[in-house]
Amino acid sequence: MTIERIIIQTRGPGLYEFTDEAQDLLSAHGSGEGVMTVFVRHTSCSLLIQENADPSVRQDLQAFFRRLVPPSSDPTMDYIRHRDEGPDDMPAHIKAALLPVSLSIPHQGGRLLLGTWQGLYLFEHRDHPHRREILLHF
């Protein structure tokens, strides 16, 4: 069993694909079969397996979650208490509570068994750049 790290430097909200990096790390560790666990070590971002062919899918997901959980400065969010780190912080925690922070992906012969249009993404929920650490266990 091996644990590897991927660091993603975000530039604000959005989906950051890391499929190739995960595949490269898996390929470097052999061609067996099993399950790769992916885990993000933060409370204000998430992980997704999502379509990686059409960028409008990512744009629509971002728009949906902005509408679902607006910043705490929005009048509809006046019930929010946790505001110490800015109006994007508590909404980021809510989004991370709704979306996964770990994924399990089967692999065989040194290849991730993702579908044709599937990619691995970090979904950044904060407005400012962050350094995000993703652990891969296989």
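Residues numbered from 1 in each chain as written. Predicted model: local features only at pLDDT ≥ 70, side-chain atom pairs only at ≥ 80, totals over all residues. Heavy atoms only, no water.

(A) Molecular detail of the layout of surface pockets. Within this model, the largest pocket holds a volume of roughly 210 Å³. Lining the largest pocket are 16 residues, and of these Pro 13, Arg 66, Lys 95, His 125 and Asp 127 sit closest to its centre. Among the secondary structure elements, those contributing two or more residues to the lining of the largest pocket are helix 2 (55–68), helix 3 (89–98) and strand 7 (118–124). (1 Å grid on protein atoms, 1.4 Å probe; cavity = no way out; pocket = protein on both sides within 12 Å on 5 of 7 lines; lining within 4 Å. Points joined across faces, edges and corners; volume = space filled by probe spheres on them. Helix = DSSP H or I, 4+ residues; strand = E, 2+ residues; numbered from the N terminus.)

(B) Geometry of the pattern of salt bridges. Going through the model one piece at a time under the given rule, you end up with six salt bridges. For the salt bridge of Glu 133 with Arg 41, the shortest nitrogen-to-oxygen distance reads 3.4 Å. Note that Glu 133 is positioned in strand 8 (residues 131–137) and Arg 41 in the loop between strand 3 (34–40) and strand 4 (45–51), a separation of 92 residues in sequence. A relative accessible area of 14% means that Glu 133 is categorised as buried. Look at Arg 41 and you get partly exposed, because its relative accessible area is 44%. The network of salt bridges with shared partners includes Glu 85, Asp 88, Asp 89 and Arg 126. (Salt bridge = Lys/Arg side-chain N within 4 Å of Asp/Glu carboxyl O. Buried < 20%, exposed > 50% of the residue type's maximum accessible area, 1.4 Å probe, protein only.)

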